[in-house]
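# Observations on the three-dimensional arrangement
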Amino acid sequence: MADPVDPSSASACVVDGSAIGMPQLCADWYLNQIFWLLVALVAIYFVLTRIALPRVGAVLAERSGTISNDLAAAEDLKRQAVDAEAAYEKALADARAEAQRISAEARAAIQADLNAAIAKADAQIAEKTAESEAQIAEIRAGASASVAEVARDVAGEIVRALGGKPDQGAIDAAVDTRVKGS
Amino acid sequence: MAESAEGGLVFHPMDQFIVKPLFGEAGDPVGMLTLTNHTFWLALAVLSVVLLFVVGTRGRAIVPSRTQSVAELFYGFVYKMVEDVTGKDAIRYFPYIFTLFLFIFFANFLALIPMSYSPTSMIAVTAVLGFGVFFAVTILGFVKNGASFLGLFWVSSAPLALRPILAVIEVISYFVRPVSHSIRLAGNIMAGHAVLKVFAGFAAIGAVAPLAIFGIVGIFALEVLVAAIQAYVFTILTCVYLKDALHPHH
């Protein structure tokens, strides 16, 4: 590194392929560095402004547009789903009310039939009862007449068995009195 | 870049920064239009931008391919940075800021390729970038705000007695901006790459070679971070300076 500066070398900053001091400070290269730097910067700037930035910006805008559209569509679908659910609930409630109405109607019809049947049965029962009561009364009347007759016959026989002469008129009167009094 | 010469170890950690003709030897004359290694690595950076942003996005897909989503990531990242730091009215300067970011980003990362040359480690490059931003922002400030741009230096929220002193400090800090702006970038990249070479030189010595190789791996990882962070820092500072130009009042 301590070699003397080679006069044949065009750059005083480099001796024998090695740098003397900081190559950063070698003024021989400044023009070249700055020129090519400006070329590179201008190249990047034009690539960006002519092609890249409009493209990326458009893609990003399009994407955010798509996303907001999709979100709006999702919102719409959600609203539709809510509507559909409400309609379903309403249909369900209607069906339930209808079912209740039908069952109430059926119950009322059955009740009416039942009432009619009961009334009819009651009437028949009442009729039979009256008929039976009439028969019973007849039987009872017949029975008391028979009792009086049997009593007269028995009383006459008793009197005859006791050796007496049955007075039919007195016996009848006595039996009648007894039967009536009992 | 280390040779075990007779006198022991000789390092040439700065040789990687030599600008030389593409088809020549180090030390050959370099004119303004000479195709140099500098030209080559700048061209690679431009090519990377074209590959990512033109070839990568050629599908214009709503559902992006991997390359396109990386391009969109860059776009969105810098766009949001400009929007957040500088404001909505600065979106028209977004292409310039994006150009700066992409150039520095790709130049930094391409320089991490072994045997490469690092354009962003050259003070000539970063000074053009830094002073370019400085002049653009200053001219823009005066064009947009006229003389009231000078209100940037007059801190109206400070007590009146302090304002002249603060104005002096503000003016000094304003003019130091381009210097720090450019030297920060060049210094970070140059230092990292030089340290890599120094470790590489030590790797030639058997005894410390394992240590040196671990050092290279560690420094390289750090350099990957630095490459991205310096691109980010340069860009966000540009945004901050631009904000000062557009809204000079504190």
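What you see is a predicted model, and the numbers here were worked out from it, not measured in a lab.

The biggest cluster of nonpolar side chains holds 71 residues, and the ones touching the most others in it are Leu48(A), Phe53(B), Phe98(B), Leu102(B), Phe103(B) and Leu129(B). If one sorts the elements of this core by residue count, helix α3 (residues 94-110) of chain B sits on top with 12 residues. Apart from the residues lying within four places of it in its own chain, the contact partners of Phe98(B) are Leu48(A), Leu53(A), Phe53(B), Phe74(B), Tyr75(B) and Val78(B).

Residue and element names in this part refer to chain B. Those residues carrying the UniProt feature "transmembrane region" (unreviewed entry) are residues 38-56, 93-117, 123-143, 150-176, 196-217 and 224-243 in this numbering. Between the end C-alpha atoms of residues 123-143 the distance is 29 Å, and the span holds 100% helix and 0% strand. Annotation note: span residues 150-176, helix share 52%, strand share 0%, distance between end C-alpha atoms 16 Å.

Here we take up the interface of chain B and chain A. Put simply, an interface is often sized by how much accessible area is lost when its parts join up. With 50 residues of chain B at the contact, the number on the chain A side is 43 residues. For the pair chain B and chain A, the summed buried area comes to about 4100 Å², and 75% of that belongs to carbon and sulfur atoms. Between the two partners, chain B and chain A, sit 1 salt bridge. The closest approach of N and O atoms between Arg63(A) and Glu72(B), which form a salt bridge, is 2.7 Å.

Once that is clear, we can look at the packing of aromatic side chains. Summed over all chains, the structure comprises 28 aromatic pairs over all chains. Taking the centre distance of 5.6 Å and the plane angle of 85 degrees together, the rings of Tyr45(A) and Phe46(A) count as edge-to-face. You can call Phe46(A) partly exposed: its relative accessible area is 38%. On the numbers, 6.4 Å between centres and 75 degrees between planes, the contact of Phe149(B) with Tyr174(B) is edge-to-face. Separated by 25 residues along the polypeptide, Phe149(B) in the loop between α4 (123-145) and α5 (163-202) and Tyr174(B) in helix α5 bring together distant segments of the chain. The same class applies to Phe149(B) as to Tyr174(B), namely buried.

Before going further, it helps to spend a moment on the layout of surface pockets. Residue and element names in this part refer to chain B. Space inside the largest pocket adds up to approximately 480 Å³. What lines the largest pocket is a set of 18 residues, and nearest its centre among them are Tyr-96, Leu-100, Gly-132, Val-133 and Ala-136. With 7 residues, α4 is the single largest residue contributor to the lining of the largest pocket. Looking at side-chain class alone, the lining of the largest pocket contains 15 nonpolar, 3 polar and no charged residues.

Rules behind the numbers
- Residues numbered from 1 in each chain as written.
- Chains lettered and ligands numbered in written order.
- Predicted model: local features only at pLDDT ≥ 70, side-chain atom pairs only at ≥ 80, totals over all residues.
- Heavy atoms only, no water.
- Core = buried A, V, L, I, M, F, W, Y, C linked by side-chain atoms within 4.5 Å.
- Buried < 20%, exposed > 50% of the residue type's maximum accessible area, 1.4 Å probe, protein only.
- Helix = DSSP H or I, 4+ residues; strand = E, 2+ residues; numbered from the N terminus.
- Contact = heavy atoms within 4.5 Å.
- UniProt positions renumbered as here; feature names shortened; annotations may be inferred.
- Buried area = accessible area lost by both parts, 1.4 Å probe.
- Salt bridge = Lys/Arg side-chain N within 4 Å of Asp/Glu carboxyl O.
- Phe/Tyr/Trp six-rings, centres within 6.5 Å; stacked < 30°, edge-to-face > 60°.
- 1 Å grid on protein atoms, 1.4 Å probe; cavity = no way out; pocket = protein on both sides within 12 Å on 5 of 7 lines; lining within 4 Å.
- Points joined across faces, edges and corners; volume = space filled by probe spheres on them.
- Nonpolar A, V, L, I, M, F, W, Y, C, P; charged D, E, K, R; others polar.

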